[in-house]
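Listed below, chain by chain, are the residues.
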Amino acid sequence: MKAVRRLFHFAASTILGTLRSKKIITRIHQRQQLQALLKQAIGSQHHAKDTALLRTLLILDIDRFRQVNFSLGYKSGDLLLEEVGNRLRAIHGCGLVIQSGDDEFVLLIHASTQDQLSQAIQSIQHVFATSFIVMGQECFITVSIGMSAVDITLTTIEQALHQADQALLAAKRTGKNKLVTYHSSHAQPFSNQIQMETELRKAILENQLILYYQPRLELSTGNIICLEALVRWNHPEIGLIAPNEFIPLAEESGLILQLGEWVLREACLQKARWLEADILNYQIAVNISPCQFQDESFSDKAIQIIEQTGIDPAFLEFEITESSIMQNMDTTVAVLDKLCNKGISISIDDFGIGYSSLNYLKHFPIHCLKIDRSFVKNIHSNKDDWAITNAIIHLGHALEVQVVAEGVEEWSQLEILKETTCTTIQGYLLSPPVSAIEIEQTFQANNNIPVMIS
Ligand code: C2E
Ligand code: MG
Ligand code: MG
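Overview of the structure.

Scoring rules and cut-offs
Residues numbered from 1 in each chain as written. Chains lettered and ligands numbered in written order. Predicted model: local features only at pLDDT ≥ 70, side-chain atom pairs only at ≥ 80, totals over all residues. Heavy atoms only, no water. Axes fitted to C-alpha atoms, helices over the stretch in contact; angles between N-to-C directions. Helix = DSSP H or I, 4+ residues; strand = E, 2+ residues; numbered from the N terminus. Parallel < 35°, antiparallel > 145°, perpendicular 65-115°, else oblique. Contact = heavy atoms within 4.5 Å. Nonpolar A, V, L, I, M, F, W, Y, C, P; charged D, E, K, R; others polar. Phe/Tyr/Trp six-rings, centres within 6.5 Å; stacked < 30°, edge-to-face > 60°. Buried < 20%, exposed > 50% of the residue type's maximum accessible area, 1.4 Å probe, protein only. Donors = N, O, S within 2.8 Å, 3.2 Å for Na, K, Ca; no water.

### What about the packing of helix α2 (residues 65–72) against helix α3 (residues 74–89)?
Between two packed helices, the angle of one axis relative to the other and the distance separating the axes together describe the packing.
Phase 1: Remark: α2 packs on α3, axes separated minimally by 6 Å, with the N-to-C direction vectors making an angle of 130 degrees. In terms of orientation, α2 and α3 fall into the oblique class. Where α2 abuts α3, its residues F65, V68, N69 and L72 lie against Y74, S76, G77, L80 and L81.
Phase 2: Of the residues contributing to the contact of α2 with α3, the split by class is six nonpolar, three polar and no charged.

Structure (structure tokens):
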């Protein structure tokens, strides 16, 4: 289970009254406390000849809580957690609700029938379908939930917690905002999040991370104009691990700052090697996590790394998401202006799935909009996706910024994108992300020579 610092008892049961106040306790102690509380809760139900047949343990983790804290402030974050606890406590069938971590809750459900269990689970999910108002501000949050059955004759509390943890990890890995019930296939190479965090820390220091590169193609000329750097973790035993499996953990643990610095430095060093060899004369796009972007020393550190590697900043593009830039408009303008004045280009990644307010486009020095793959995917079969893609392309033209369609896999998608006057594409149709060596072998001969795809 992820770092646990506080143990609040929101309490359903009087026997747990001693833990009603906030306590700061150590991690091992906490785990033991948590187990003791769960044992007591199950035991007391048992002795009370409770008819409950189905006991289910849920670990619920608020998605991107760090960002909630960043954007609303820590006080609002605390109030939000309190409200989450209150709403969960009010659910019929929740035998116990414990805030087991900063943004993590452990719930024990007692139900006599499968229907009752389903109803309790639905009520838990419903808690997050409505907005929260904290200090006058409305916000929606999503949660990832890992769930495990507790059969007191077969499962120990420790096992049930471990299984719910693994199910939670699976929920996070598959894109968050999900409920996953434990299955033996969830047993992971990393037995828990703490082990994964420790290994990731080591991976950054021991150079187990590598960058893959995916080309971006300009349709009017058939030239490659940019390579997007995408990080992978080359684990000595497990092999290559995709970023979606470890970036969320890096963001939650704060390791993203170190990881992000490594990525930027490595991308600059690779660019320097290509410049030296006079090949692959393209811009390099680097993804910047919202947590990195919100770090107050981000722009200074980034500029320092670029200067240390001796790269002309004009060779770099930073890909940021809408959620990054919407958190503090004043700071964002200052940071983006500083980066742009140095010559770095800015693109908005996954455009279209974030904020609906487009006002920010007027205020920020943006060079490129990257249309999220989810719209491009069904552009040939879904008229809404076509309409949104078409609208973004024309918005980009009107704002005089580059528009990239992400995730182009099929010729039919390309045809429609050309008809809708899209200027640039990226996707498996041209190339998946590949290692630096592979990209050299594939595209070196084509340096500035049009690729026949257009
Ligand atoms: P992203 O920045 O939107 O990158 C595009 C993702 O879509 C990449 O996945 C890429 O492999 C995938 N993709 C590209 N073309 C196609 C296609 O035609 N079909 C399909 N199905 N997929 C395609 P990847 O490399 O697994 O990265 C996933 C996400 O992880 C990235 O999304 C980005 O948000 C994050 N990420 C990757 N590298 C870094 C990094 O160095 N730093 C940070 N902060 N985030 C990173
Ligand atoms: Mg990207
Ligand atoms: Mg993207």
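Picking up where we left off.
### Thoughts on the packing of aromatic side chains
Phase 1: Using the criterion set out here, one finds six aromatic pairs in the structure.
Phase 2: Ring geometry for W233 and F246: centres 5.7 Å apart, planes at 85 degrees, overall edge-to-face. Remark: F246 occurs in helix α7 (residues 243–253) and W233 occurs in strand β11 (residues 223–235); sequence separation between them is 13 residues.
Phase 3: Arranged with centres 5.9 Å apart and planes meeting at 50 degrees, the rings of F298 and F318 form a pair that is tilted. A residue pair is termed long-range when its members are at least 10 positions apart, and F298 in helix α10 (residues 298–309) and F318 in strand β14 (residues 316–321) qualify at 20 residues.
Phase 4: F298 sits in the buried class, given a relative accessible area of 6%.

### Regarding the coordination of the magnesium ion (ligand 3)
Phase 1: Distances from the magnesium ion (ligand 3) to its protein donors, D349 (OD), D350 (OD), E406 (OE) and E406 (OE), fall at 2.0 to 2.5 Å.
Phase 2: Here the magnesium ion (ligand 3) and the magnesium ion (ligand 2) are spaced 4.1 Å apart, with D349 acting as a shared donor. A residue pair is termed long-range when its members are at least 10 positions apart, and D350 in strand β15 (residues 345–351) and E406 in the loop between β17 (402–405) and α16 (411–419) qualify at 56 residues.
Phase 3: According to the relative accessible area criterion, D350 is partly exposed, its value standing at 25%.
Phase 4: The class for E406 is buried, based on a relative accessible area of 13%.

Nothing here speaks to function; it is geometry throughout.
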